[in-house]
Amino acid sequence: MKIAIEGCMHGDLDNVYATLLHLQQVERTKIDLLICCGDFQAVRNEKDLESLSVPPKYRSMNSFWKYYSGEKVAPFPTIFIGGNHEASNYLWELYYGGWAAPHIYFLGFAGVVKFGSVRIGGLSGIYKSNHYHLGHFERPPYNDRDIKSVYHVREYDVHKLMQIEEPVDIFVSHDWPVGITDHGNWKRLVRDKPYFKEEIQDRTLGSKPAAELLEKLKPPYWFSAHLHCKFAALVQHGDEGPVTKFLALDKCIPGRKFLQIIEVESEPGPYEIQYDEEWLAITRRFNSIFPLTMKRSYFGGKQVDMEDSRQWVRSKLQSRGTKPFEFVRTVPCYNSFETGASGSFSGHNRNPQTEALLEFLELPYVFDDSEVAASSVSRVEDGGGGGVEDADEIQLPEEEDDDDDDVED
(Lines give C-alpha, C1' and ligand atoms only; values in the text may rest on other atoms or scores of the structure.)
Protein backbone atom coordinates (compact mmCIF):
# COMPACT_ATOMS: atom_id res chain seq x y z
CA MET A 1 0.00 0.00 0.00
CA LYS A 2 1.34 3.42 -0.97
CA ILE A 3 0.36 6.33 1.23
CA ALA A 4 1.03 10.01 0.52
CA ILE A 5 1.73 12.17 3.57
CA GLU A 6 1.15 15.93 3.35
CA GLY A 7 2.11 18.61 5.89
CA CYS A 8 -0.12 21.68 6.29
CA MET A 9 -2.85 21.77 3.64
CA HIS A 10 -4.09 25.36 4.21
CA GLY A 11 -7.13 24.58 2.06
CA ASP A 12 -5.11 24.03 -1.11
CA LEU A 13 -6.59 20.66 -2.04
CA ASP A 14 -6.54 21.37 -5.78
CA ASN A 15 -2.75 21.75 -5.91
CA VAL A 16 -2.01 18.83 -3.60
CA TYR A 17 -4.24 16.47 -5.57
CA ALA A 18 -2.81 17.75 -8.88
CA THR A 19 0.72 17.14 -7.62
CA LEU A 20 -0.11 13.58 -6.60
CA LEU A 21 -1.88 12.82 -9.88
CA HIS A 22 1.17 14.07 -11.77
CA LEU A 23 3.43 11.96 -9.55
CA GLN A 24 1.33 8.87 -10.25
CA GLN A 25 1.62 9.42 -13.98
CA VAL A 26 5.35 10.20 -14.04
CA GLU A 27 6.36 7.36 -11.73
CA ARG A 28 3.73 4.93 -13.04
CA THR A 29 2.55 4.08 -9.58
CA LYS A 30 -0.74 4.08 -7.66
CA ILE A 31 -1.33 6.07 -4.50
CA ASP A 32 -3.89 4.41 -2.25
CA LEU A 33 -4.38 7.07 0.44
CA LEU A 34 -3.53 10.68 1.34
CA ILE A 35 -2.99 11.69 4.99
CA CYS A 36 -2.86 15.38 5.92
CA CYS A 37 -1.21 16.47 9.17
CA GLY A 38 -3.44 19.44 9.95
CA ASP A 39 -4.35 23.02 9.02
CA PHE A 40 -6.64 21.37 6.51
CA GLN A 41 -9.12 24.28 6.46
CA ALA A 42 -12.37 22.54 5.58
CA VAL A 43 -14.13 25.82 4.76
CA ARG A 44 -17.54 25.20 3.21
CA ASN A 45 -18.75 28.76 2.74
CA GLU A 46 -17.91 32.32 3.74
CA LYS A 47 -19.63 31.95 7.12
CA ASP A 48 -17.10 29.25 8.06
CA LEU A 49 -14.30 31.79 7.59
CA GLU A 50 -15.50 33.49 10.78
CA SER A 51 -14.36 30.39 12.73
CA LEU A 52 -10.92 30.27 11.07
CA SER A 53 -8.25 31.56 13.45
CA VAL A 54 -6.28 33.77 11.08
CA PRO A 55 -6.27 37.56 10.61
CA PRO A 56 -9.25 38.58 8.44
CA LYS A 57 -7.05 39.65 5.55
CA TYR A 58 -5.80 36.05 5.22
CA ARG A 59 -9.24 34.44 5.21
CA SER A 60 -9.75 32.84 1.83
CA MET A 61 -12.13 30.19 0.51
CA ASN A 62 -9.35 28.23 -1.22
CA SER A 63 -10.60 24.95 -2.71
CA PHE A 64 -12.14 22.60 -0.11
CA TRP A 65 -15.62 23.95 -0.85
CA LYS A 66 -15.48 22.44 -4.35
CA TYR A 67 -15.20 18.96 -2.82
CA TYR A 68 -17.87 19.68 -0.20
CA SER A 69 -20.32 20.86 -2.87
CA GLY A 70 -19.65 17.96 -5.23
CA GLU A 71 -18.20 20.16 -7.96
CA LYS A 72 -15.05 18.04 -7.62
CA VAL A 73 -14.36 14.61 -6.14
CA ALA A 74 -11.19 13.75 -4.24
CA PRO A 75 -9.09 11.47 -6.48
CA PHE A 76 -7.70 9.62 -3.45
CA PRO A 77 -9.26 8.62 -0.14
CA THR A 78 -8.10 11.34 2.24
CA ILE A 79 -7.72 11.33 6.03
CA PHE A 80 -6.89 14.49 7.95
CA ILE A 81 -6.52 15.83 11.48
CA GLY A 82 -7.09 19.38 12.68
CA GLY A 83 -4.38 21.94 13.32
CA ASN A 84 -4.49 25.49 14.65
CA HIS A 85 -5.95 27.09 11.51
CA GLU A 86 -9.25 25.34 10.90
CA ALA A 87 -12.94 25.97 10.29
CA SER A 88 -13.40 24.96 13.91
CA ASN A 89 -17.20 25.20 13.80
CA TYR A 90 -17.32 22.44 11.18
CA LEU A 91 -14.81 20.19 12.91
CA TRP A 92 -16.80 20.52 16.14
CA GLU A 93 -19.81 19.07 14.29
CA LEU A 94 -17.61 16.04 13.59
CA TYR A 95 -15.91 15.81 16.98
CA TYR A 96 -15.89 11.98 16.84
CA GLY A 97 -14.73 11.98 13.21
CA GLY A 98 -16.59 11.61 9.97
CA TRP A 99 -16.76 12.57 6.31
CA ALA A 100 -16.00 16.28 5.85
CA ALA A 101 -16.73 15.74 2.14
CA PRO A 102 -17.09 12.65 -0.03
CA HIS A 103 -13.86 10.58 0.22
CA ILE A 104 -12.38 13.09 2.72
CA TYR A 105 -12.46 11.83 6.32
CA PHE A 106 -11.78 13.86 9.45
CA LEU A 107 -10.19 11.68 12.13
CA GLY A 108 -11.88 13.66 14.91
CA PHE A 109 -10.37 15.61 17.79
CA ALA A 110 -8.80 12.23 18.56
CA GLY A 111 -9.42 9.02 16.72
CA VAL A 112 -8.38 5.74 15.17
CA VAL A 113 -9.61 4.16 11.93
CA LYS A 114 -8.52 1.29 9.74
CA PHE A 115 -7.62 1.55 6.08
CA GLY A 116 -7.38 -1.99 4.84
CA SER A 117 -5.39 -3.66 7.59
CA VAL A 118 -3.43 -0.48 8.39
CA ARG A 119 -4.41 1.17 11.66
CA ILE A 120 -4.19 4.97 11.66
CA GLY A 121 -4.52 7.14 14.76
CA GLY A 122 -4.37 10.87 15.26
CA LEU A 123 -4.66 13.83 17.61
CA SER A 124 -5.98 17.16 16.34
CA GLY A 125 -4.92 20.62 17.50
CA ILE A 126 -1.84 22.00 19.25
CA TYR A 127 -0.72 21.84 22.87
CA LYS A 128 -1.11 24.82 25.21
CA SER A 129 -0.64 24.07 28.90
CA ASN A 130 -3.20 26.63 30.15
CA HIS A 131 -6.07 24.84 28.38
CA TYR A 132 -4.88 21.23 28.49
CA HIS A 133 -6.71 20.23 31.69
CA LEU A 134 -9.96 22.03 30.82
CA GLY A 135 -12.99 20.68 29.03
CA HIS A 136 -14.17 21.54 25.53
CA PHE A 137 -15.98 24.69 26.66
CA GLU A 138 -15.92 26.66 23.39
CA ARG A 139 -19.10 26.92 21.33
CA PRO A 140 -19.76 28.53 17.95
CA PRO A 141 -20.07 31.34 17.12
CA TYR A 142 -16.67 31.86 18.77
CA ASN A 143 -15.59 35.03 20.52
CA ASP A 144 -12.09 36.44 20.08
CA ARG A 145 -10.64 34.23 22.80
CA ASP A 146 -12.45 30.97 22.11
CA ILE A 147 -11.51 31.00 18.43
CA LYS A 148 -7.88 30.78 19.60
CA SER A 149 -8.43 28.03 22.17
CA VAL A 150 -10.97 25.69 20.54
CA TYR A 151 -8.14 23.86 18.74
CA HIS A 152 -6.00 23.40 21.86
CA VAL A 153 -5.45 19.75 22.80
CA ARG A 154 -7.37 18.56 25.86
CA GLU A 155 -6.30 15.93 28.35
CA TYR A 156 -9.58 14.05 27.89
CA ASP A 157 -8.79 13.23 24.26
CA VAL A 158 -5.22 12.23 25.10
CA HIS A 159 -6.47 10.08 27.98
CA LYS A 160 -8.67 8.14 25.57
CA LEU A 161 -5.75 7.59 23.19
CA MET A 162 -3.64 6.37 26.12
CA GLN A 163 -6.13 3.50 26.59
CA ILE A 164 -5.14 1.96 23.24
CA GLU A 165 -3.51 -1.44 23.64
CA GLU A 166 -3.51 -2.85 20.12
CA PRO A 167 -0.70 -1.76 17.75
CA VAL A 168 -1.13 1.45 15.76
CA ASP A 169 0.73 1.52 12.44
CA ILE A 170 0.63 5.26 11.74
CA PHE A 171 0.03 8.16 14.11
CA VAL A 172 -0.52 11.77 13.10
CA SER A 173 -0.28 14.95 15.18
CA HIS A 174 -0.13 18.58 14.10
CA ASP A 175 2.61 19.76 16.45
CA TRP A 176 5.70 17.66 17.10
CA PRO A 177 6.23 15.50 20.18
CA VAL A 178 8.46 17.49 22.53
CA GLY A 179 12.00 16.11 22.56
CA ILE A 180 11.74 14.60 19.06
CA THR A 181 14.63 16.83 17.99
CA ASP A 182 16.93 14.72 20.20
CA HIS A 183 16.51 11.90 17.69
CA GLY A 184 17.31 13.79 14.48
CA ASN A 185 19.72 16.34 13.05
CA TRP A 186 18.65 19.26 15.25
CA LYS A 187 21.76 21.28 14.38
CA ARG A 188 20.75 21.45 10.74
CA LEU A 189 17.20 22.29 11.82
CA VAL A 190 18.52 25.23 13.86
CA ARG A 191 20.61 26.43 10.92
CA ASP A 192 17.43 26.65 8.86
CA LYS A 193 15.21 27.86 11.73
CA PRO A 194 17.53 29.61 14.24
CA TYR A 195 14.62 30.81 16.39
CA PHE A 196 13.95 27.14 17.32
CA LYS A 197 17.22 26.87 19.26
CA GLU A 198 16.01 28.36 22.54
CA GLU A 199 12.83 26.26 22.53
CA ILE A 200 14.82 23.10 21.81
CA GLN A 201 17.19 23.85 24.69
CA ASP A 202 14.28 24.68 27.02
CA ARG A 203 12.37 21.59 25.83
CA THR A 204 9.35 23.66 24.91
CA LEU A 205 9.41 22.97 21.17
CA GLY A 206 6.50 20.63 20.69
CA SER A 207 3.77 18.86 22.60
CA LYS A 208 4.21 17.04 25.91
CA PRO A 209 1.05 14.95 25.42
CA ALA A 210 2.26 13.91 21.96
CA ALA A 211 5.55 12.77 23.53
CA GLU A 212 3.60 10.71 26.07
CA LEU A 213 1.58 9.11 23.28
CA LEU A 214 4.73 8.38 21.30
CA GLU A 215 6.20 6.56 24.29
CA LYS A 216 2.95 4.65 24.92
CA LEU A 217 1.95 3.68 21.37
CA LYS A 218 5.39 3.26 19.75
CA PRO A 219 3.98 3.31 16.21
CA PRO A 220 6.25 2.42 13.26
CA TYR A 221 5.41 5.83 11.72
CA TRP A 222 4.60 9.23 13.23
CA PHE A 223 3.89 12.27 11.04
CA SER A 224 3.52 15.94 11.98
CA ALA A 225 3.50 19.42 10.44
CA HIS A 226 2.90 22.87 12.04
CA LEU A 227 6.47 24.25 12.03
CA HIS A 228 6.66 24.56 8.24
CA CYS A 229 9.84 22.60 7.65
CA LYS A 230 10.91 19.04 6.93
CA PHE A 231 12.52 17.15 9.80
CA ALA A 232 13.18 13.43 10.16
CA ALA A 233 14.04 11.43 13.26
CA LEU A 234 14.39 7.82 14.39
CA VAL A 235 13.16 6.99 17.89
CA GLN A 236 14.51 3.79 19.42
CA HIS A 237 12.18 2.62 22.18
CA GLY A 238 14.49 0.91 24.68
CA ASP A 239 17.68 -0.98 23.89
CA GLU A 240 16.01 -3.61 21.74
CA GLY A 241 12.55 -2.15 21.37
CA PRO A 242 10.68 -1.03 18.27
CA VAL A 243 11.68 2.00 16.21
CA THR A 244 9.42 4.91 15.25
CA LYS A 245 10.18 6.74 12.02
CA PHE A 246 9.21 10.37 12.57
CA LEU A 247 8.73 12.86 9.75
CA ALA A 248 7.49 16.45 9.83
CA LEU A 249 6.55 18.13 6.57
CA ASP A 250 6.12 21.69 5.28
CA LYS A 251 3.04 23.47 3.94
CA CYS A 252 1.82 23.28 0.37
CA ILE A 253 3.92 25.91 -1.42
CA PRO A 254 6.00 25.43 -4.59
CA GLY A 255 9.59 24.54 -3.75
CA ARG A 256 8.78 23.43 -0.21
CA LYS A 257 9.00 19.85 1.07
CA PHE A 258 5.35 19.17 1.82
CA LEU A 259 4.84 15.65 0.43
CA GLN A 260 6.27 12.21 1.12
CA ILE A 261 5.24 8.80 -0.25
CA ILE A 262 5.65 5.75 1.97
CA GLU A 263 4.91 2.11 1.33
CA VAL A 264 3.47 -0.02 4.11
CA GLU A 265 2.56 -3.68 4.27
CA SER A 266 -1.14 -4.44 4.06
CA GLU A 267 -3.53 -7.08 2.95
CA PRO A 268 -4.48 -6.92 -0.77
CA GLY A 269 -6.94 -4.16 -1.76
CA PRO A 270 -9.33 -2.70 -2.54
CA TYR A 271 -9.06 -0.57 0.58
CA GLU A 272 -11.61 1.58 2.36
CA ILE A 273 -11.81 3.59 5.56
CA GLN A 274 -13.44 1.60 8.36
CA TYR A 275 -14.37 2.10 11.98
CA ASP A 276 -11.92 0.67 14.50
CA GLU A 277 -13.42 -1.68 17.06
CA GLU A 278 -11.09 -0.83 19.95
CA TRP A 279 -11.48 2.92 19.41
CA LEU A 280 -15.28 2.74 19.34
CA ALA A 281 -15.15 0.75 22.58
CA ILE A 282 -12.96 3.45 24.18
CA THR A 283 -15.30 6.14 22.89
CA ARG A 284 -18.31 4.40 24.38
CA ARG A 285 -16.60 3.71 27.69
CA PHE A 286 -15.41 7.29 28.28
CA ASN A 287 -18.20 9.36 26.74
CA SER A 288 -20.00 9.64 30.08
CA ILE A 289 -17.17 11.82 31.43
CA PHE A 290 -16.85 14.03 28.35
CA PRO A 291 -15.85 17.41 29.88
CA LEU A 292 -17.71 20.32 28.30
CA THR A 293 -16.97 23.21 30.65
CA MET A 294 -14.03 25.45 31.64
CA LYS A 295 -13.67 23.58 34.91
CA ARG A 296 -10.60 21.44 35.34
CA SER A 297 -11.24 17.75 34.74
CA TYR A 298 -9.56 14.80 36.44
CA PHE A 299 -8.67 11.43 34.99
CA GLY A 300 -7.44 8.43 36.94
CA GLY A 301 -4.14 6.80 36.10
CA LYS A 302 -5.49 3.25 36.28
CA GLN A 303 -6.25 1.28 33.15
CA VAL A 304 -9.94 0.52 32.68
CA ASP A 305 -11.18 -2.95 31.81
CA MET A 306 -12.44 -2.63 28.24
CA GLU A 307 -13.44 -6.22 27.52
CA ASP A 308 -17.19 -5.83 28.04
CA SER A 309 -17.25 -2.70 25.91
CA ARG A 310 -15.16 -4.44 23.22
CA GLN A 311 -17.55 -7.37 23.05
CA TRP A 312 -20.56 -5.05 22.85
CA VAL A 313 -19.03 -3.00 20.00
CA ARG A 314 -17.88 -6.14 18.20
CA SER A 315 -21.42 -7.50 18.20
CA LYS A 316 -22.82 -4.20 16.89
CA LEU A 317 -20.22 -3.99 14.11
CA GLN A 318 -20.88 -7.57 13.07
CA SER A 319 -24.55 -6.65 12.59
CA ARG A 320 -24.08 -3.27 10.89
CA GLY A 321 -20.62 -3.44 9.30
CA THR A 322 -17.58 -1.22 9.80
CA LYS A 323 -18.18 1.38 7.09
CA PRO A 324 -18.61 4.93 8.50
CA PHE A 325 -22.00 6.59 8.20
CA GLU A 326 -22.65 8.46 4.97
CA PHE A 327 -21.60 12.05 4.30
CA VAL A 328 -24.35 14.66 4.72
CA ARG A 329 -24.13 18.38 3.89
CA THR A 330 -25.30 20.52 6.81
CA VAL A 331 -24.88 24.09 5.45
CA PRO A 332 -25.19 25.80 2.06
CA CYS A 333 -22.17 25.51 -0.22
CA TYR A 334 -20.09 28.49 -1.27
CA ASN A 335 -21.15 30.08 -4.56
CA SER A 336 -18.19 31.67 -6.33
CA PHE A 337 -20.56 33.79 -8.42
CA GLU A 338 -22.08 35.50 -5.40
CA THR A 339 -20.52 37.87 -2.87
CA GLY A 340 -21.30 38.13 0.82
CA ALA A 341 -21.49 35.45 3.48
CA SER A 342 -23.86 32.54 2.99
CA GLY A 343 -26.94 32.62 5.16
CA SER A 344 -26.00 29.54 7.14
CA PHE A 345 -26.66 29.21 10.86
CA SER A 346 -23.82 30.75 12.88
CA GLY A 347 -24.23 28.48 15.91
CA HIS A 348 -23.91 24.71 16.30
CA ASN A 349 -25.30 22.39 13.64
CA ARG A 350 -26.18 18.83 14.56
CA ASN A 351 -24.35 16.71 12.02
CA PRO A 352 -26.35 13.59 11.06
CA GLN A 353 -23.13 11.54 10.97
CA THR A 354 -22.42 12.38 14.60
CA GLU A 355 -26.02 11.69 15.58
CA ALA A 356 -25.97 8.34 13.76
CA LEU A 357 -22.70 7.26 15.40
CA LEU A 358 -23.93 8.18 18.87
CA GLU A 359 -27.21 6.36 18.24
CA PHE A 360 -25.25 3.32 17.05
CA LEU A 361 -23.16 3.40 20.25
CA GLU A 362 -26.31 4.11 22.32
CA LEU A 363 -24.82 7.34 23.64
CA PRO A 364 -26.55 10.69 24.28
CA TYR A 365 -25.93 13.77 22.16
CA VAL A 366 -24.49 16.31 24.62
CA PHE A 367 -23.04 19.09 22.47
CA ASP A 368 -26.06 21.37 22.82
CA ASP A 369 -27.26 20.15 26.22
CA SER A 370 -27.54 23.16 28.54
CA GLU A 371 -27.54 20.97 31.64
CA VAL A 372 -24.22 19.41 30.67
CA ALA A 373 -22.76 22.80 29.77
CA ALA A 374 -23.66 24.06 33.22
CA SER A 375 -21.98 21.20 35.08
CA SER A 376 -18.95 22.00 37.20
CA VAL A 377 -16.45 19.14 37.39
CA SER A 378 -16.04 15.86 35.50
CA ARG A 379 -14.39 12.91 37.22
CA VAL A 380 -13.55 9.32 36.40
CA GLU A 381 -14.80 7.10 39.21
CA ASP A 382 -11.32 5.87 40.12
CA GLY A 383 -9.66 9.18 39.27
CA GLY A 384 -7.38 11.32 41.40
CA GLY A 385 -8.30 14.27 43.56
CA GLY A 386 -6.99 17.79 43.96
CA GLY A 387 -8.35 21.29 44.10
CA VAL A 388 -10.55 22.73 41.39
CA GLU A 389 -9.02 25.67 39.58
CA ASP A 390 -11.24 28.75 39.59
CA ALA A 391 -12.22 29.46 36.01
CA ASP A 392 -12.02 33.21 36.68
CA GLU A 393 -8.35 32.85 37.62
CA ILE A 394 -7.35 30.84 34.55
CA GLN A 395 -5.09 32.94 32.38
CA LEU A 396 -6.28 33.07 28.77
CA PRO A 397 -3.72 35.29 27.01
CA GLU A 398 -4.08 36.25 23.38
CA GLU A 399 -2.15 33.66 21.42
CA GLU A 400 0.43 34.66 18.85
CA ASP A 401 1.14 32.60 15.78
CA ASP A 402 3.78 29.97 16.48
CA ASP A 403 5.46 30.58 13.15
CA ASP A 404 5.82 34.00 11.58
CA ASP A 405 4.98 32.72 8.11
CA ASP A 406 2.05 30.65 9.34
CA VAL A 407 -0.57 32.64 7.47
CA GLU A 408 1.38 35.09 5.39
CA ASP A 409 2.10 32.92 2.39
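That block above? That's the structure.
The shown structure was predicted, so the numbers you read here are calculated from the model rather than taken from an experiment.

Asker: Pulling in residues and values, what's your account of the overall build of the protein?
Answerer: Looking only at helices and strands, the protein features twelve helices and 13 strands. By the burial criterion, 55% of the 409 residues in the protein qualify as buried. When contacts within the protein are restricted to residue pairs at least 6 apart in sequence, long-range pairs at least 24 apart make up 78% of them. Split by element, the accessible area of the protein, about 18000 Å² in all, is 46% carbon and sulfur.

Asker: Quick rundown of the sheet that holds strand E9 (residues 221–224)? Include the residues and the values.
Answerer: Pairing is mixed across the open sheet formed by seven strands, whose spatial order is E10-E11-E9-E8-E7-E6-E13. Two strands close off the open sheet at either side, each with one partner strand: strand E10 (231–236) and strand E13 (273–275). Taken pair by pair, the neighbouring strands of this sheet meet at an average axis angle of 25°, ignoring direction.

Asker: For the pairing of strand E4 (residues 98–101), give the residues involved together with the corresponding values.
Answerer: With three bridges joining them, E4 and strand E5 (residues 104–106) adopt antiparallel strand pairing. Bridged to Ala 101 within E5 is Ile 104. In this antiparallel pair of consecutive strands, E4 and E5, the connection spans two residues, and His 103 shows a positive phi of 70°.

Asker: Summarise the nonpolar core; cite the residues concerned and give the values.
Answerer: Residues Phe 64, Ile 104 and Ile 170 are the most contacted members of the largest nonpolar core, which totals 125 residues. Top contributing element to this core by residue count: helix H9 (residues 277–286), with five residues. Setting aside its immediate chain neighbours within four residues, Ile 104 contacts Leu 13, Tyr 17, Phe 40, Phe 64, Tyr 67, Ala 74, Thr 78, Phe 80, Gly 98 and Trp 99.

Asker: Any chance you could break down the sheet that holds strand E3 (residues 78–80) for me, citing the residues and the numbers?
Answerer: Spatial strand order, E4-E5-E3-E2-E1-E12: six strands in an open sheet with mixed pairing. Of all the strands in the sheet, the pair left with one neighbour each is E4 and strand E12 (259–263). Strand-to-strand, the axes of this sheet are offset by a mean angle of 30°, without reference to chain direction. Strand direction decides the pairing type here: strand E1 (residues 2–6) and strand E2 (residues 33–36), joined by four bridges, are parallel. Bridging across to E2, Ile 5 finds its partner in Ile 35.

Asker: Kindly report on the environment of Ile 273, identifying the contributing residues and their values.
Answerer: Mapped onto the elements of the fold, Ile 273 is located in strand E13. A relative accessible area of 5% means that Ile 273 is categorised as buried. Sequence separation between Ile 273 and Tyr 105 is 168 residues, and the spatial gap between their C-alpha atoms is 8.3 Å.

Asker: I'd like to hear about the side chain of Gln 41, residue by residue, with values.
Answerer: Its place among the elements puts Gln 41 in the loop between E2 and helix H2 (64–69). Sequence-distant contacts of Gln 41, that is, excluding residues within four places in its chain, are made with His 10, Gly 11, Leu 52, Asn 62, Phe 64, His 85 and Glu 86.

Asker: How would you explain the packing of aromatic side chains if you had to name every residue and give the values?
Answerer: Per the counting criterion, the structure on display carries 33 aromatic pairs. Measuring from centroid to centroid gives 4.9 Å for Tyr 95 and Tyr 96, while their planes differ by 85°, and the two rings are edge-to-face. Note on accessibility: Tyr 95 and Tyr 96 belong to one class, buried. With 5.9 Å between their ring centres and 10° between their planes, Tyr 221 and Phe 223 make a pair best called stacked.

Asker: A description of helix H11 (residues 352–360) should follow, citing residues and the corresponding values.
Answerer: For H11, the full list of buried residues reads Gln 353, Thr 354, Leu 357, Leu 358 and Phe 360. The buried residues of H11 all sit within an arc of 160° when viewed along its axis, so they share a single face. Just past H11, the residue Glu 362 takes up positive phi, approximately 55°.

Asker: Give me the lowdown on the environment of Ala 42, citing residues and values where you can.
Answerer: In this structure, Ala 42 sits in the loop between E2 and H2. Assessed through its relative accessible area of 1%, Ala 42 is described here as buried. In this structure the C-alpha to C-alpha distance between Ala 42 and Asp 12, which are 30 residues apart in sequence, comes to 10.0 Å. Setting aside residues up to four positions removed in sequence, Ala 42 forms contacts with Asp 48, Phe 64, Phe 80, Glu 86, Ala 87 and Tyr 90.

Asker: Give a detailed account of the side chain of Thr 293, specifying residues and quantitative values.
Answerer: Residue placement: Thr 293 occurs in the loop between H9 and helix H10 (307–320). According to the relative accessible area criterion, Thr 293 is buried, its value standing at 9%. Among the polar contacts made by the side chain of Thr 293, one reaches the main-chain amide nitrogen of Lys 295 at a distance of 3.1 Å.

Asker: Break down the environment of Asn 84 for me, citing the residues and quoting the values.
Answerer: Considering the arrangement of structural elements, one finds Asn 84 in the loop between E3 and helix H3 (88–93). Considering only alpha carbons, one finds Asn 84 and Val 54, 30 residues apart in sequence, at a separation of 9.2 Å. A polar atom in the side chain of Asn 84 sits 3.4 Å from the side chain of His 226.

The rules behind these values
Residues numbered from 1 in each chain as written. Predicted model: local features only at pLDDT ≥ 70, side-chain atom pairs only at ≥ 80, totals over all residues. Heavy atoms only, no water. Helix = DSSP H or I, 4+ residues; strand = E, 2+ residues; numbered from the N terminus. Buried < 20%, exposed > 50% of the residue type's maximum accessible area, 1.4 Å probe, protein only. Contact = heavy atoms within 4.5 Å. Areas by Shrake-Rupley, 256 points an atom, 1.4 Å probe, with all protein chains shown as cover. Pairing = 2+ DSSP bridges. Axes fitted to C-alpha atoms, helices over the stretch in contact; angles between N-to-C directions. Core = buried A, V, L, I, M, F, W, Y, C linked by side-chain atoms within 4.5 Å. Phe/Tyr/Trp six-rings, centres within 6.5 Å; stacked < 30°, edge-to-face > 60°. Arc of directions from axis to C-beta. Polar contact = N/O pair within 3.5 Å; in protein donor to acceptor, adjacent residues only side chain to side chain.

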